Amino acid sequence: MQKTAAFLKKYRWPLTGALLGALVFVALYGVRVLNPTCVDWILNNASPDPSQHYLGWEFFRRSAVRLPYIGANYSAIYPYRTSILFTDSIPLLALLAKLFSSLLPQHFQYFGIWGLLCYALQGGLAQAILARLGGVRPGQTARCWATVAGAGVLVLFPALTIRMFAHTALAANWLVLLALWVWLAGDELLPTTRRACLIWGLLGVLCAGIHLYYLPMVGLVLVGYAIRRALQKRGAAAVVLPILCFCAAALAELVLLGAFAANFAGYSNGYLNGADLANLLVPGLAASWEQDIYIGAGAVLAVVLAVLSLAVFCVRGKASALGAFLQRHRAWWIAGAVVLVLDAVAAMGNTITLGGKTLVTIPVPQLLMDVWAMFSSCARLAWLAGMLLALLACAAVLRCWNGRVAVVALAVCVGVQAYGMREELTKRFATYHSAETYANQSVLTDPAWETLAQSGRFSHLAFASFDFEHEEFWDLAAFAAENGWTSNSFYMGHMDGNLAAVTLAGEMNTLSADTLYVFLDEDELARDSFALYYYRLDGILIGSVEPLDLPSDPEPEADAHSMDLLLSDVTNGTITAQGVELGSGGEMMTEEWMLFPGTYSVTLTGSGFDHSYIYARHGLINEETYKLDIEFTTIDPQTMTFTFTTGVPLYYWRTAVHTLDDTPITVTAITVEKTA
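All values derive from a computational prediction rather than experimental measurement.

## Focus on the overall build of the protein chain
A tally of helices and strands in the protein chain yields 22 helices and 20 strands. In terms of overall dimensions, the protein chain has a C-alpha envelope of 85 × 65 × 50 Å along the principal axes. The proportion of buried residues among the 676 residues of the protein chain is 52%. Across the protein chain, contacts joining residues at least 24 apart in sequence account for 75% of those joining residues at least 6 apart.

Below is the structure:
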């Protein structure tokens, strides 16, 4: 008891920051997400990413273990190998849970507990860093409370809120804070090079085992640590060895996780989604959601207060004291400046954009681009600069004012931060406090699904083509994972979609009795291509090599399906509930379909087609595309029909409509029918 009391007393303020983070989490997300057996709130998410994370773990849980790749998953894209790393399932937690899998309930998720941990660590580490940066000493109660208020700004850091239960592994912003803490406390925490190698090596393991994007961010903090060690003249070993240990530990873990041995693992197409650094302080400059690096209104206010505080500090005749402070900590400022510059370069990519305007695109050697493009959403790397900027701003307020003023100032910053994020916070509160979120919303309601699962006849679920964007896909994947079946199709980060599409189509050449085949939407056009018995459950067409005790699904008189025009890519036009409207210079490209060999008839309905150019194309992603040789059988301003025949599968098939002049064109429907 005495040791516990002593621990609580010593660390009461970091623990207070952690408590603040935990309370914010519970206020936003409630407590039902913490129930490890409750998974419906994950599967009901409007984004497919949480389902990917959870089901990636479920498939991995039941996957065979084959050394040396302890993180390999042989169930998600059976019979091929992928890695728990590429389903963003937080590999370290997945490995730990798999170790105790036999003791866990059938449905088990660790993402709710992970979320609580992230918020708590964000608050606790932010408080500890602010106390150090702000020069707060034990016994200065008001100033300690000010550090807790400052921690509140970091708890409400936009990247943490937006990523939580979206890209859940990327909510580990506390990893960057932990690295900053290790750097700041390095003199006491890492008295020897051996200790430094151990601690930084462990940080490498944490980064590689949570999400790859934290490797460069934490690695940049390590560079700052190494630069300061060099300026302290600690010797080459103290500078170089921690970096080598960090890289070696992360690399070894990635090998064990199967990162370099995963089938279908691919990387970026070579384009970098870089950051507009002005967006750190100015909202609305991001070119896309992925590139949004705004630090929040409250953090921006803290920066403004910090600048004003330093100005007042100098006006009071204390400029010399400020200069002496900077000189005394010269090694810190030099190292910190280098880290910020390197982070800015890494986050911007090779296209330099500032204030919403592209200034220059820098040619980059392909070898460097291949490495850089592994972190193609490189704007995320600016989270390091954003959090460091917020911490330094709050610390400056702490340094320049007495405790009570600092408490009020930083508490106002927290309020402004929350107000600036009010829409996002309100949306999350409403979502995670709604009973509907925790209800079973699966489209698989027919009791026959359970009968099939319990029959013992099937152990595999096979989708006819690679397309995970169908509404039913994730419910079917959940059905397979939770019943111990394998699946032939799944989505991974850094996935080679071309290889997956070609491979899945090729697998349909060999049918197996232990496999239940699924034909979603346009895949139904291929039903006559395979010698299967067909049935329909909850509107989903399934096929089996051997007959089932279910009513057969009659072959339709016209095997036709309509394309979803809402999924079209449109230039110089608009998408409405009625269809697509194209103006002068307008163009539309339909969604991408996989078409099996056969003869097809495509009918477009709308208006203005006598002023259009229509064609169909296919081809793998980022490779050469091919126009089909089509024949128009109906030519009319309101209706256009063309036919074509293919003897090979068509990957990523699309139909295009272009305007030829200023006459507007409306497309209300596109129907594809397989005629032979």
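## Considering the nonpolar core
Counting 205 residues, the largest nonpolar core has W200, F644 and W653 as its most contacted members. Residue contributions to this core peak at 13 residues, all from helix α17 (residues 382-400). Beyond its immediate chain neighbours, meaning those up to four positions away, W653 contacts M563, E591, E592, W593, L595, V602, A616, R617, H618, L628, F644 and V672.

## A short note on the pattern of salt bridges
Enumeration according to the criterion identifies 15 salt bridges in this entry. A salt bridge links E424 to K427, with the shortest nitrogen-to-oxygen separation between them at 3.7 Å. Of this pair, E424 and K427 are both found in helix α19 (residues 422-432), 3 residues apart, which corresponds to roughly one turn of the helix. Take E424: its relative accessible area is 22%, and that puts it in the partly exposed class. Notably, a salt bridge pairs E424 with R428, separated by 2.8 Å at the nearest N-O pair. Taken together, the residues E424 and R428, both in helix α19 and 4 residues apart, mark about one turn of the helix. By relative accessible area, which is 8% here, R428 ends up buried. Overlapping salt bridges bring together E524, R527, R536 and D553 as one network.

## Concerning the packing of aromatic side chains
Tallying each qualifying case throughout the model produces 37 aromatic pairs. A ring pair is formed by Y29 and Y432, whose centres lie 5.2 Å apart and whose planes are at 70°; its orientation type is edge-to-face. Taken as a pair, Y29 in helix α2 (residues 12-29) and Y432 in helix α19 lie far apart in primary sequence, 403 residues in all. Using a relative accessible area of 7% as the deciding quantity, one classes Y432 as buried. Between K98 and the ring centre of F60, over which it is positioned, the NZ or CZ distance is 4.8 Å. Sitting above the plane of the Y615 ring, K627 keeps its charged end 4.4 Å from the centroid.

## Points about the environment of I84
On the secondary structure map, I84 appears in the loop between β2 (82-83) and α5 (91-99). By relative accessible area, I84 is classed as buried at 0%. For the pair I84 and A453, spaced 369 residues apart in sequence, the C-alpha separation works out to 25 Å. Non-local contacts of I84, meaning those with residues more than four positions away in its chain, are made with G56, W57, F60, G71, S89, P91, A94 and L257.

## Focus: helix α15 (residues 330-348)
With 19 residues, α15 ought to run about 27 Å at 1.5 Å a step, and its terminal C-alpha atoms sit 27 Å apart, in line with that. Turning to α15, its buried residues number three or more, namely A331, W332, A335, G336, V339, D343, A344, A346, A347 and M348. Packed against the buried residues of α15 are α9 (174-184), α12 (214-231), β3 (351-354), α16 (366-372) and α17. Phi turns positive, to about 75°, at G349, one or two residues after α15.

## Side note on the pairing of strand β5 (residues 460-463)
Alternating residues of β5 divide into H460 and A462 and L461 and F463, and every residue in both groups is buried. Pairing between β5 and strand β6 (residues 486-487): 2 bridges, direction parallel. Residue pairing in the sheet places L461 in a bridge with S487 of β6. Each parallel crossover has a hand, and for β5 linked through helix α21 (residues 473-482) to β6 it is right-handed.

## Side note on the sheet that holds strand β8 (residues 533-537)
Strands belonging to one sheet form pairs held by backbone hydrogen bonds; the direction of such a pair is parallel or antiparallel. Strands sit in the order β6-β5-β7-β9-β8 across an open sheet of 5 strands; the sheet is mixed. Where the open sheet ends on each side, the last strands, each with one partner, are β6 and β8. On top of the sheet, α21 reaches β5, β6, β7 (515-519) and β9 (540-544); it is set at about 160° to β5, its chief contact.

## Considering the confidence of the model for the protein chain
Looking at the protein chain as a whole, its pLDDT mean stands at 93, while 99% of the residues score no less than 70. Here α16 is the element of the protein chain with the lowest mean pLDDT, 76, and helix α6 (residues 111-133) is the one with the highest, 98.

## Some thoughts on unusual backbone geometry
Working note: non-glycine residues mostly have negative phi, and peptide bonds are mostly trans. Here L67 and P68 are connected by a cis peptide whose omega angle stands at 5°. Its identity as a non-glycine residue notwithstanding, F165 has a phi of 60°, on the positive side. With respect to the secondary-structure elements, F165 resides in the loop between α8 (158-163) and α9.

## So, the environment of H433
Examined against the element boundaries, H433 turns out to sit in the loop between α19 and α20 (448-454). Once the C-alpha coordinates of H433 and G30 are considered, the two residues, 403 residues apart in sequence, prove to be 6.3 Å apart. Those residues in contact with H433 that sit more than four places away from it in its chain are V26, A27, L28, Y29 and G30. A distance of 2.9 Å separates a polar atom in the side chain of H433 from the backbone oxygen of F429.

## Quick word on the state of the cysteines
Applying the stated criterion across every chain yields a total of 0 disulfides. Looking at the unpaired C118, the closest cysteine sulfur is the one in C207, lying at 13 Å. Of the residues examined, C118 reaches a relative accessible area of 0% and is grouped as buried. Free of any disulfide, C247 has its nearest neighbouring cysteine sulfur in C245, separated by 9.5 Å.

Parameters at a glance
Residues numbered from 1 in each chain as written. Predicted model: local features only at pLDDT ≥ 70, side-chain atom pairs only at ≥ 80, totals over all residues. Heavy atoms only, no water. Helix = DSSP H or I, 4+ residues; strand = E, 2+ residues; numbered from the N terminus. Buried < 20%, exposed > 50% of the residue type's maximum accessible area, 1.4 Å probe, protein only. Contact = heavy atoms within 4.5 Å. Core = buried A, V, L, I, M, F, W, Y, C linked by side-chain atoms within 4.5 Å. Salt bridge = Lys/Arg side-chain N within 4 Å of Asp/Glu carboxyl O. Phe/Tyr/Trp six-rings, centres within 6.5 Å; stacked < 30°, edge-to-face > 60°. Lys NZ or Arg CZ within 6 Å of the ring centre and 35° of its normal. Expected span 1.5 Å × (residues − 1). Pairing = 2+ DSSP bridges. Right-handed = clockwise from strand over helix to strand, strands pointing away. Axes fitted to C-alpha atoms, helices over the stretch in contact; angles between N-to-C directions. pLDDT = per-residue confidence, 0-100. Polar contact = N/O pair within 3.5 Å; in protein donor to acceptor, adjacent residues only side chain to side chain. Disulfide = S-S within 2.5 Å.

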